[in-house]
Amino acid sequence: MKLERPRGTRDFLPEEMKKRREMEKILRRIAESYGYGEIATPTFEHVELFTLKSGESIVEEMYVFKDKSGRELALRPELTAPVMRLYVNSCEVMPKPLRFYYFANCFRYERPQKGRYREFWQFGVELIGSDSHLADAEVIMLAYEMLKALKVEFKLEIGHVGIMRDVLKGIENSDRIMRLIDKNQIDELEKFMNDCKVDEKVKDRVFRLIELKGDASILEKVNFAEKEIERLKRIAEILDAAKVEYEFDLGIVRGLDYYTGVVFECYAPNLGAQKQICGGGSYELASLFGGQKTPATGFAIGFDRVYEVCNVDGEKIRTVFVVAFEDTYLDALKIAKMLRNSGFVAVIDVMERNLKKQLSYANDIKAEFAVLVGKNELEEGKVSVKDLKSGQQIDVPIKELTNFLSSRTV
RNA sequence: GCCCGGAUGGGGUAGCGGCUAUCCUCUGGGACUGUGGAUCCCAGGAGGCGGGUUCAAAUCCCGCUCCGGGCCCCA
């Protein structure tokens, strides 16, 4: 009976891990270059942390379990709530703003599809303590720069949930209206608002907002919510100066209640059904978790989806295969060690194979060179170096081996 | 949670009631015991799982599992 992976999980082989690590390295470098520091939180948390943020219904979509003392725990389905919990627990008196980033696996009990797994990775940042448009702009720039550095083709869309929410303030069934807006079901939306006898002025504003898509000039067409429109204009100035490409879409509302102001999303058009690769915005969760009301803004990148459309390669370290014979194995080990100390990958036979098989294997693992450690050459203090691409072979004194190989770069 | 499609050695496949389950690739060994990628030979390895129909099932039927596509959802 063969054991299978749990549904929705994946194994990663070296080739894939290499690319993932390279992507991770790029993201970390950029986050740190903006002054963000890495944090880590537990893989599981109390269920309440997530139900508090998102409602009881999300229990269905989480891995929930009881520990031996009967505590209700959940594998984290996302990182924003844990980060804000950490903030409230330990960071409230630290100098603001705080800049954090994380890279971590998350778990959701959902039906797996391409680009949607039960264990998946998110790379995210949170900027805590500022409600200025400057904070919004910084975080958006950061997301943009990261996806660009990963050579991803994507579209950035910026909206503002606060404006729509304000328009619908006090209106009955505003949840349902928001949902219809989110799904872009315009006919349905109009019908529903008529049925609910929504005020004409409100209806007019709703339709005006959802039609607004494009560059900063669309903001001129809004004659209400002046303060927040002004915020978007200022963000636009900064993004334009930074040569960030984006579109405004005031019809972005998302179901996320905790978002308060500017929100943004990135899409990779060639990903199909699961094409959203990054989402974020400003929110307020600290007070919900028992802390002082604190503005925050951040985003999370769907690492696994980005992997699919990312065009970076893993770092190539030059590999040398050390061919050993029965009577020279100990000397070959020393030479391998010497090469490793000089920054090469040195691979040596452990199958007790003959020369032919060793070379064949060296070829299979894409070694650049084979260093033949033979009795005859050793007696002269040399080894034989074979270029596996050209087939050329030359004897090199052991003392000069690393220099010789280094000089043969490319 | 819903609808649809699929599952044959490690990977890719043929067979679609009946020979020892086909072919390619792969892995190990050998021909060639100090010179790779070629060739040849030998060896290894498979019908997702469970049940049913039948003299006989990889093949037909049912359930489950997993994968893929689309919904719901996406905190």
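Bear in mind that the values here come from a model prediction, so they are computed numbers and not experimental data.

For the rest of this paragraph, the subject is the overall build of chain A. Of the regular secondary structure elements, chain A holds 14 helices and 17 strands. Computed over the C-alpha atoms, the radius of gyration of chain A is 28 Å, more than 25% above the 22 Å expected from 2.2 N^0.38 for a compact globule of 410 residues. Residues counted as buried form 49% of the 410 residues belonging to chain A. Counting contacts in chain A only where the partners sit at least 6 residues apart, residues at least 24 apart contribute 66% of the total. Here chain A displays about 22300 Å² of accessible surface, and carbon together with sulfur accounts for 48% of that area. The positive charge centre, built from 64 side chains, and the negative charge centre, built from 68, are 3 Å apart in chain A.

Counted according to the given criterion, the structure contains 12 aromatic pairs. Ring centres 5.4 Å apart and planes at 15° place the aromatic pair Tyr-101 and Phe-123 in the stacked group. Separated by 22 residues along the polypeptide, Tyr-101 in strand β5 (residues 98-107) and Phe-123 in strand β6 (residues 119-128) bring together distant segments of the chain. By relative accessible area, Tyr-101 is classed as buried at 0%. Residue class for Phe-123 comes out buried when judged on its relative accessible area of 0%. Each ring, one from Phe-321 and one from Tyr-361, has its centre 6.0 Å from the other, and the planes form 70°; the classification is edge-to-face. Here Tyr-361 lies in helix α12 (residues 355-364) and Phe-321 lies in strand β13 (residues 319-324), a separation of 40 residues in the sequence.

This brings us to the sheet that holds strand β8 (residues 213-214). Sheets are built from strands that pair by backbone hydrogen bonding, the pairs being arranged parallel or antiparallel. Within the open sheet, the 9 strands sit side by side as β1-β5-β6-β12-β11-β10-β7-β9-β8. Their pairing is mixed. Lying at the two open borders of the sheet, with one neighbouring strand each, are β1 (37-38) and β8. Bridge count between strand β7 (residues 155-160) and strand β9 (residues 247-249): 2 bridges; the pairing is parallel. In the sheet register, Glu-157 faces β9, and the bridge partner there is Glu-247. Running over the sheet, helix α4 (residues 133-149) touches β5, β6, β7, β10 (259-267), β11 (276-283) and β12 (296-302) and is turned about 15° from β12.

What follows deals with the domain arrangement of chain A. Here the domain parsing of chain A yields domain 1 (14-309) and domain 2 (319-407). Using only C-alpha atoms to locate each centre, domain 1 and domain 2 end up separated by 53 Å.

Here we come to the nonpolar core. Core analysis: the largest hydrophobic core is formed by 74 residues, its most contacted members being Met-146, Leu-156, Ile-158 and Phe-299. Top contributing element to this core by residue count: α4, with 10 residues. Setting aside residues up to four positions removed in sequence, Phe-299 forms contacts with Tyr-102, Phe-123, Gly-124, Val-125, Val-139, Leu-142, Ala-143, Met-146, Phe-264, Cys-278, Gly-279 and Gly-280. Listed in part, the 33 residues of the second largest apolar core include Leu-86, Val-88, Ile-128 and Val-161.

A word on the sheet that holds strand β15 (residues 369-373). Taking strand neighbours across the sheet as the criterion, the 5 strands line up as β14-β13-β15-β16-β17 in an open arrangement whose pairing is mixed. Where the open sheet ends on each side, the last strands, each with one partner, are β14 (345-348) and β17 (393-397). For this sheet the average axis-to-axis angle between neighbouring strands, irrespective of direction, equals 30°. Sheet strands touched by helix α11 (residues 329-341): β13, β14, β15 and β16 (382-387). Its angle to β14, the strand with the most contacts, is close to 160°.

With that out of the way, let us pick up unusual backbone geometry. The phi angle of most residues is negative, glycine excepted, and most peptide bonds adopt the trans form. Here the amide bond leading from Lys-96 into Pro-97 is cis, since omega sits at 0°, within 30 degrees of zero. Inspection of the secondary structure puts Pro-97 in the loop between α3 (80-91) and β5.

Within β16, 5 of the 6 residues are buried, which leaves the element mostly enclosed by the surrounding structure. Relative to β16, β15 runs antiparallel, the two sharing 4 bridges. Bridge pairing in β16 places Phe-369 opposite Asp-387. Pairing between β16 and β17: 5 bridges, direction antiparallel.

So, about a negative patch on the surface. A cluster of acidic residues, Asp-215, Glu-237, Asp-240 and Glu-247, forms a negative patch on the protein surface. Take Glu-237: it is sitting in helix α9 (residues 226-241). Residue Glu-237 is classed as exposed on the basis of its relative accessible area, which comes to 57%.

Here we take up the environment of Ser-287. Take Ser-287: it is sitting in the loop between β11 and β12. Ser-287 sits in the partly exposed class, given a relative accessible area of 34%. In contact with Ser-287, other than residues within four places in its own chain, are Gln-292 and Lys-293.

So, about the pattern of salt bridges. Where charged atoms of side chains with opposite charge meet at close range, the side chains can pair. What the rule picks out here adds up to 22 salt bridges. For Arg-71, the salt bridge goes to Asp-67, with nearest N and O atoms at 2.7 Å. What makes Arg-71 partly exposed here is its relative accessible area of 44%. Exposure remark for Asp-67: the relative accessible area of 23% places this residue in the partly exposed category. The salt bridge involving Arg-208 is made with Asp-204; its shortest N-O contact spans 3.4 Å. One end of the pair, Arg-208, and the other, Asp-204, are both in helix α8 (residues 200-211), 4 residues apart, so they sit about a helical turn from each other. Relative accessible area serves as the criterion here: at 42%, Asp-204 is assigned to the partly exposed category.

Basis of the calculations
Residues numbered from 1 in each chain as written. Chains lettered and ligands numbered in written order. Predicted model: local features only at pLDDT ≥ 70, side-chain atom pairs only at ≥ 80, totals over all residues. Heavy atoms only, no water. Helix = DSSP H or I, 4+ residues; strand = E, 2+ residues; numbered from the N terminus. Rg over C-alpha atoms; globule rule 2.2 N^0.38 Å. Buried < 20%, exposed > 50% of the residue type's maximum accessible area, 1.4 Å probe, protein only. Contact = heavy atoms within 4.5 Å. Areas by Shrake-Rupley, 256 points an atom, 1.4 Å probe, with all protein chains shown as cover. Lys, Arg positive; Asp, Glu negative; His and termini not counted. Charge placed at Lys NZ, Arg CZ, Asp CG, Glu CD. Phe/Tyr/Trp six-rings, centres within 6.5 Å; stacked < 30°, edge-to-face > 60°. Pairing = 2+ DSSP bridges. Axes fitted to C-alpha atoms, helices over the stretch in contact; angles between N-to-C directions. Domains from an automatic or database assignment. Core = buried A, V, L, I, M, F, W, Y, C linked by side-chain atoms within 4.5 Å. Patch = residues over 30% accessible without salt bridge, like charges linked within 9 Å, V, L, I, M, F, W, Y side chains within 5 Å. Salt bridge = Lys/Arg side-chain N within 4 Å of Asp/Glu carboxyl O.

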